[in-house]
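Survey of secondary and tertiary structure
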Amino acid sequence: MKLYDVHNEYQGHLDKAELTSTPLELAERWIADAAKDKNNNFEEANKMVLATVDPNGQPFQRVVLLKEISNDGLIFFTNYHSRKGQHIANNNQVSLLFYWSIHARQIHFTGKATLLTNKENEAYFHSRPYESQLAAAASHQSHPIENKQVLLDKVEALKEQFPDQVPIPKEWGGYNVAYESVEFWQGSSHRLHDRFIYLKEGNTWKITRLAP
Ligand SMILES: Cc1cc2nc3c(=O)[nH]c(=O)nc-3n(C[C@H](O)[C@H](O)[C@H](O)COP(=O)(O)O)c2cc1C
């Protein structure tokens with residue numbers, strides 16, 4: 001398949017005057033914009049690609065769901081024994097990328113991931129639907145399994161053992177990614193896109209326009 005002839009014209013603009021003093025305010029605005037579109041909602045708006053590196057420097061990426069964003073960081077939940085969990089235990093520098101085709105917008109965060117507390121993990125785990133709790137407890141994420149039936153049997157066994165609420169698996173929980181750089185990319189006409197990077201300098205953010 002060759003895709004050389006596929007071209008897309010973008011129409012957006014990000015003017016300097018629209019920039020907020022912290023990247024949080026602009027990121028929240030863009031997430032809300034993505035969620036507001038009539039073909040979209042927060043379930044679509046909160047998908048982000050998490051990049052980690054293995055001990056050989058090989059990058060890996062996968063989609064995870066943003067659960068909270070604040071001045072302190074971005075929070076997502078996963079399995080600490082998963083491939084990503086093993087990478088982060090070895091090197092907690094990660095990047096997170098949002099892309100919303102509807103507005104031709106991308107936001108790229110870099111920062112350091114740290115574990116949430118047991119209390120935070122437990123509170124979120126038990127706020128999830130029973131089926132999600134079962135699935136999280138049954139799945140040794142990223143590890144090989146013989147076939148799907150193994151997973152289904154595990155779920156059935158857990159249902160019998162815990163008919164109301166599943167105890168949180170010790171390896172399940174969240175990370176907070178405290179960001180140090182945040183880059184906003186807005187697709188614009190004739191490939192003259194707008195890019196601004198926020199770099200943390202103490203308690204303030206330095207903003208620089210980058211060539212597209
Ligand atoms: C739309 C979507 C949302 C996802 N959300 C999560 C999530 O919030 N947490 C998670 O651990 N995996 C999530 N996944 C699965 C991951 O992309 C990935 O397959 C899994 O975490 C294992 O990654 P790893 O083996 O690199 O650790 C999601 C996948 C998709 C496509």
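So, a few notes on the structure that sits alongside this text. (Residues numbered from 1 in each chain as written. Predicted model: local features only at pLDDT ≥ 70, side-chain atom pairs only at ≥ 80, totals over all residues. Heavy atoms only, no water.)

A few words on the site of the ligand. In the vicinity of the ligand, the contacting residues are Lys47, Arg62, Val63, Val64, Leu65, Phe77, Thr78, Ser82, Arg83, Lys84, Gln141 and Ser142. Arg62 is positioned such that a nitrogen or oxygen atom in its side chain is 2.8 Å from an oxygen atom of the ligand. In the model, an oxygen atom of the ligand is placed 2.7 Å from a nitrogen or oxygen of the Val63 main chain. Across the complex, the protein chains shield 66% of the 620 Å² of accessible surface that the ligand would expose by itself. Judged by the fraction of its atoms near the pocket grid, the ligand is located in the largest pocket. Counting only elements with at least two residues in the shell around the ligand, the list comes to strand 2 (59–65), strand 4 (73–79) and helix 3 (83–90). Of the residues belonging to the shell around the ligand, the class tally is 4 nonpolar, 4 polar and 4 charged. (Near = heavy atom within 4 Å. Polar contact = N/O pair within 3.5 Å; in protein donor to acceptor, adjacent residues only side chain to side chain. Areas by Shrake-Rupley, 256 points an atom, 1.4 Å probe, with all protein chains shown as cover. 1 Å grid on protein atoms, 1.4 Å probe; cavity = no way out; pocket = protein on both sides within 12 Å on 5 of 7 lines; lining within 4 Å. Sits in = over half its atoms within 2 Å of the grid points. Helix = DSSP H or I, 4+ residues; strand = E, 2+ residues; numbered from the N terminus. Nonpolar A, V, L, I, M, F, W, Y, C, P; charged D, E, K, R; others polar.)

The volume enclosed by the largest pocket comes to roughly 430 Å³. What lines the largest pocket is a set of 20 residues, among which Phe77, Thr78, Asn79, Gln141 and Trp172 lie closest to the centre. At the level of elements, strand 2, strand 4, helix 3 and helix 5 (130–138) are the ones that each hand at least two residues to the lining of the largest pocket. Here the element with the most residues in the lining of the largest pocket is strand 2; it accounts for 4 residues. Of the residues contributing to the lining of the largest pocket, the split by class is 8 nonpolar, 7 polar and 5 charged. Two domains share the lining of the largest pocket, each providing at least three of its residues, namely domain 1 (16–122 + 174–209) and domain 2 (127–167). In this model, the second largest pocket occupies a volume close to 180 Å³. Residue lining of the second largest pocket: 12 residues in total, with Glu44, Lys47, Tyr99, Trp100 and Ser101 positioned closest to the centre. Among the secondary structure elements, those contributing two or more residues to the lining of the second largest pocket are strand 1 (47–53) and strand 5 (93–100). Sorting elements by how many residues they give to the lining of the second largest pocket places strand 5 first, with 4 residues. (Points joined across faces, edges and corners; volume = space filled by probe spheres on them. Domains from an automatic or database assignment.)

For the rest of this paragraph, the subject is the pattern of salt bridges. Tallying each qualifying case throughout the model produces 7 salt bridges. Across the pair Asp33 and Lys36 runs a salt bridge, and its minimum N-O distance is 3.5 Å. Separated by 3 residues within a single helix, Asp33 and Lys36 lie in helix 1 (residues 23–36), roughly one turn from each other. Judged by its relative accessible area of 63%, Lys36 is exposed. Ionic pairing is found between Glu180 and Lys112, a salt bridge with its closest N-O pair at 3.6 Å. With Glu180 in strand 7 (residues 172–186) and Lys112 in strand 6 (residues 105–115), this residue pair connects regions lying 68 residues apart in the sequence. Taking relative accessible area as the criterion, Glu180 reaches 36% and is therefore assigned partly exposed. Several salt bridges converge on common partners, so that one network encompasses Asp33, Lys36 and Arg105. (Salt bridge = Lys/Arg side-chain N within 4 Å of Asp/Glu carboxyl O. Buried < 20%, exposed > 50% of the residue type's maximum accessible area, 1.4 Å probe, protein only.)

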